[in-house]
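Observations on chain architecture
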Amino acid sequence: MLKGGEFLVSKTAHNDLFIPEEWSEEQLMIRDMVKDFCDQEILQPMRKSGRELDASKDRDEIIRLLDKSAELGLCGLAIPQEYGGMDLDFNTGLLFGEAISNGFSFATTIGAQTSIGSLPIVYYGTNAQKEKYLPKIGSAEYKASYALTEPSAGSDANSGKTKATLTADGKSYLLNGQKMWITNGGFADIFIVFAKIDDDKNLSAFIVEKAFGGITLGEEEKKLGIKGSSTVQVFFNDCPVPTENILAERGDGFKIALNILNSGRIKLSAGSIGGSKYALSQSINYSNERKQFDKSIAEFGAIKYKIGEMATKIFAAESAIYRTGKHIDEKEAALIDAGKSKSEAKVLGLREYTIECALLKVYGTEVLDYCIDETLQIHGGMGYSAEAGIEMGYRDSRITRIYEGTNEINRMLSFGELMKRAFQTKEIDLIAAGKKIPMRFFKELFSATYAVGQEDRIVENMKLLFIALSGIAGQKLKLKMIDEQEIIMNLSDILSEIYISESLALRVVKLRTMSIAKEKMAIVEKMMQLHIYESLRKVRTAAESEIDSLPEGTKQGLQRKMVKRFAKKYAVNPKDLRRDIADYFIQKNDYTF
Ligand SMILES: Cc1cc2nc3c(=O)[nH]c(=O)nc-3n(C[C@H](O)[C@H](O)[C@H](O)COP(=O)(O)OP(=O)(O)OC[C@H]3O[C@@H](n4cnc5c(N)ncnc54)[C@H](O)[C@@H]3O)c2cc1C
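Residues numbered from 1 in each chain as written. Predicted model: local features only at pLDDT ≥ 70, side-chain atom pairs only at ≥ 80, totals over all residues.

**Quick notes on the overall build of the protein chain**
Counting secondary structure elements, the protein chain contains 20 helices and 10 strands. A compact globule built from 593 residues would reach a C-alpha radius of gyration of about 25 Å, and the protein chain, at 24 Å, matches this within 12%. Along the three orthogonal principal directions, the C-alpha set of the protein chain runs to about 80 × 60 × 45 Å. A burial count over the protein chain gives 49% of its 593 residues as buried. Within the protein chain, residue pairs in contact and separated by at least 24 positions form 80% of the contacts whose partners lie at least 6 positions apart. (Helix = DSSP H or I, 4+ residues; strand = E, 2+ residues; numbered from the N terminus. Rg over C-alpha atoms; globule rule 2.2 N^0.38 Å. Buried ≥ 20, exposed ≤ 12 C-beta atoms within 10 Å, placed from the backbone. Contact = placed C-beta atoms within 7 Å.)

**Here we look at the domain arrangement of the protein chain**
When the domains of the protein chain are assigned, the result is domain 1 (144–250) and domain 2 (429–588). Between the C-alpha centres of domain 1 and domain 2 there is a distance of 44 Å. (Domains from an automatic or database assignment.)

**Focus: the packing of helix α7 (residues 253–289) against helix α9 (residues 342–352)**
For any two helices packed against each other, the geometry is given by the interaxial angle and the distance between the axes. Remark: α7 packs on α9, axes separated minimally by 9 Å, with the N-to-C direction vectors making an angle of 70°. When the interaxial angle is binned, α7 and α9 end up roughly perpendicular. Remark: the crossing between α7 and α9 carries left-handed chirality. Of the residues in α9, those touching α7 at Asn 259, Asn 262 and Ser 263 are Val 347, Leu 350 and Arg 351. (Axes fitted to C-alpha atoms, helices over the stretch in contact; angles between N-to-C directions. Parallel < 35°, antiparallel > 145°, perpendicular 65-115°, else oblique. Left-handed = near helix turned anticlockwise from the far one by under 90°.)

**Comments concerning the site of the ligand**
In the region of the ligand, 21 residues are neighbours, and Leu 148, Gly 154, Ser 155, Thr 183 and Thr 406 sit closest. Of all the elements in the fold, those that place two or more residues in the shell around the ligand are β1 (144–147), β3 (172–183) and α13 (407–424). Across the shell around the ligand, the residue classes break down as 12 nonpolar, 7 polar and 2 charged. (Near = placed C-beta within 6 Å. Nonpolar A, V, L, I, M, F, W, Y, C, P; charged D, E, K, R; others polar.)

**Examining helix α16 (residues 455–477)**
With 23 residues, α16 ought to run about 33 Å at 1.5 Å a step, and its terminal C-alpha atoms sit 33 Å apart, in line with that. Where α16 terminates, the next one or two residues include Lys 478, which has phi positive at roughly 45°. (Expected span 1.5 Å × (residues − 1).)

**Things to note about the pairing of strand β7 (residues 231–242)**
In this sheet, β7 lies alongside β3 in antiparallel orientation, the contact comprising 10 bridges. When the bridges of β7 are listed, Thr 183 appears paired with Thr 231. The pairing of strand β6 (residues 215–217) with β7 spans 3 bridges and is antiparallel. Its bridge partner lying in β7, Leu 217 is registered against Val 234. (Pairing = 2+ DSSP bridges.)

**Points about the nonpolar core**
Among the nonpolar cores identified, the biggest contains 165 residues, and Phe 206, Ala 311, Leu 465 and Phe 466 are the most heavily contacted of them. The residue makeup of this core includes at least three contributed by each of domain 1 (144–250) and domain 2 (429–588). Ignoring sequence-local partners within four residues, the contact set of Leu 465 consists of Val 539, Ala 543, Met 562, Val 563, Phe 566 and Ala 567. (Core = buried A, V, L, I, M, F, W, Y, C linked by C-beta atoms within 7 Å.)

**Regarding α7**
Compared with an ideal rise of 1.5 Å per residue, which puts 37 residues at 54 Å, α7 spans 53 Å between its outermost C-alpha atoms and is within 8% of the ideal. Counting buried residues in α7 gives 30 out of 37 residues, a clear majority hidden from the surface.

**Brief notes about the packing of helix α8 (residues 301–337) against helix α20 (residues 574–588)**
At a minimum axis distance of 7 Å, the contact between α8 and α20 shows a crossing angle of 85°. Looking at the two axes, α8 sits roughly perpendicular to α20. Across from Gly 301, Lys 304, Tyr 305, Ile 307, Gly 308, Glu 309, Ala 311 and Thr 312 in α8, the residues of α20 making contact are Leu 577, Arg 578, Arg 579, Ile 581, Ala 582, Phe 585 and Ile 586. Each residue belonging to the contact of α8 with α20 can be placed in one class, and the counts come to 8 nonpolar, 3 polar and 4 charged.

**What about the environment of Val 508?**
Within the fold, Val 508 resides in helix α17 (residues 485–512). With 16 residues separating them in the primary sequence, Val 508 and Val 524 have C-alpha atoms 6.9 Å apart. Once residues lying within four places of it in the same chain are set aside, the contact partners of Val 508 are Val 524, Glu 525 and Met 528.

**A word on the pairing of strand β4 (residues 190–197)**
Every other side chain in a regular strand lies on the same face of the sheet, so the side chains alternate between the two faces. Along β4, 7 of the 8 residues are buried, which leaves the element largely enclosed by surrounding structure. Relative to β4, β1 runs parallel, the two sharing 4 bridges. From the neighbouring strand, Ser 145 faces β4, where its bridge partner is Phe 191. Note: strand β2 (residues 163–166) against β4, 2 bridges, orientation parallel. Counterpart to Ala 164 in the pairing with β4 is Ile 197. As defined by bridge partners, β4 adjoins strand β5 (residues 204–209) across 6 bridges and the pair is classed as antiparallel. From the neighbouring strand, Phe 191 faces β5, where its bridge partner is Val 208.

**Description of unusual backbone geometry**
Negative phi values dominate among residues other than glycine, just as trans dominates among peptide bonds. Although it is not a glycine, Asp 87 adopts a positive phi angle of roughly 50°. Relative to the elements of secondary structure, Asp 87 occurs in the loop between α2 (59–71) and α3 (90–100). For Ala 140, which is not glycine, the phi torsion reads 65° and is therefore positive. Position of Ala 140 relative to the elements: it lies in the loop between α6 (127–138) and β1. Here Ala 140 falls in the buried class, since 23 other C-beta atoms lie within 10 Å of it.

**Description of the environment of Ile 437**
Here Ile 437 lies in helix α15 (residues 437–443). Residue class for Ile 437 comes out partly exposed when judged on the 18 C-beta atoms lying within 10 Å of it. Separated by 27 residues in the primary sequence, Ile 437 and Leu 464 have C-alpha atoms spaced 6.1 Å apart. Among all residues touching Ile 437, those that are not within four sequence positions of it are Leu 464, Ile 467 and Ala 468.

Here it is as structure tokens:
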């Protein structure tokens, strides 16, 4: 089984890859049921009333939506069956995340209920804690939230000042402090609170009931977007929490927070792709409808460019998201076979793919930003107006680059974790993989461009380039590298291009072995070619910026030659590819993949 980050140094066989074309009937039924729920309960009422949900005015409606989704079993998807949930596998949970994004801000509300607000109990709770809380969270009798961030502790979450002090009788902790930006906070019954016991260096985590007392709430925050999601400050003033409500061990809170964020990151990526698909479908529809200069705007190359790009980015990103989701499930199953408990296996499975989860969070949310921005552009003035609903998506999507760790933090994290696994824990052997570089460097001298059919080699060369560049930068900068974030961001972007390109190329190889309609397959091949063309361009840009940013005398000449040979052009016509891809969906009047 491929270990986390190991994609960089080894080859995956296409048969070992899960692809979205393999969803079962049951999984697709769940997806469709969730989309129907969003359409009937959220989108249609919103269209009728002409206004978006607003947490400061529509609290009862938001609560009703949570209750209704619980009736359909949606609040218990990740909860074990013995506690009343459905205990779905992780990848189906990602598909749920993709589908629920059609509910706009409600996706954040139910995300807090089903993910960050309840998974700490699923993963780390004692049997008694699980029995007490999970059935009620699954039925939405308890609304859940996750309280980590503080006014002075955002990205640096472990620096929180909220304190927990043991009472004289030793039966409870008194919580004192302030949390900020707490999703669902306005109506939550349960808060997963991170606080330091006495003068501990690390956070501990607690299950806190609103009913314990000593909790006051701030006003609903006035936000740019996701206005239908409740976000408040939460104040703890001698809030008594029974000692049995601590999660895992004292000092484990930061570890819990990080592991929960791994899950949240990839789920957010899947949600972002759901939002992107929704936006693209709207773009295609509108392009067909809207006429200017006596033509529908879908006939213009500038519009086809956007549609072709959006479709390709979405198809590429989802290839990597569901590949990773399946890896997480497989790792969990292997750990259970090896004797680990189910909860422990879930945590370790997620931790294994920390690098991929961080890369995907960044990639998926930036695809969403691209898609919603171009969707607004395609709608012209109508996109800017509140009438069409596009501007709401534009505002709602912006949060995705900020929460679950900002994209800056996730770029540092993916690269930092890779270096840790390469040089501290020695799980990934970059040195052995790098031994191929001289021979390949020599061989690549003989061709000026890559040709269609060489995608496997292109991905392998991107990997070698990354290993060479990060190796040279590391040798030169050593421990100072950590302060050279601009360089790390360049390298992290190359790493994500590798992972996404490889996942897409493998998906296409697997599709070739399946019975896929000829017309669809032709478009899939074109999307892969366009993606690889663009990916190589991005790798070249990031690599050149990285090399130019290094101190003088860092083998710049050699590195530039490597870029020229390993990330050379791919001989395709991007304009023709984009047009063909766009025409396919324009003709279908929808994004049908
Ligand atoms: C609508 C909304 C809902 C939220 N829901 C929740 C919730 O339910 N529970 C919860 O606990 N939190 C929640 N958050 C908080 C969210 O996770 C934080 O906003 C986020 O982690 C960033 O922290 P910050 O806002 O303090 O920004 P800061 O950490 O102050 O960051 C400011 C800027 O500096 C950059 N930066 C910071 N540190 C570094 C570094 N080391 N290297 C490079 N760049 C850096 C950041 O990338 C960012 O661009 C929510 C936030 C919002 C806006």
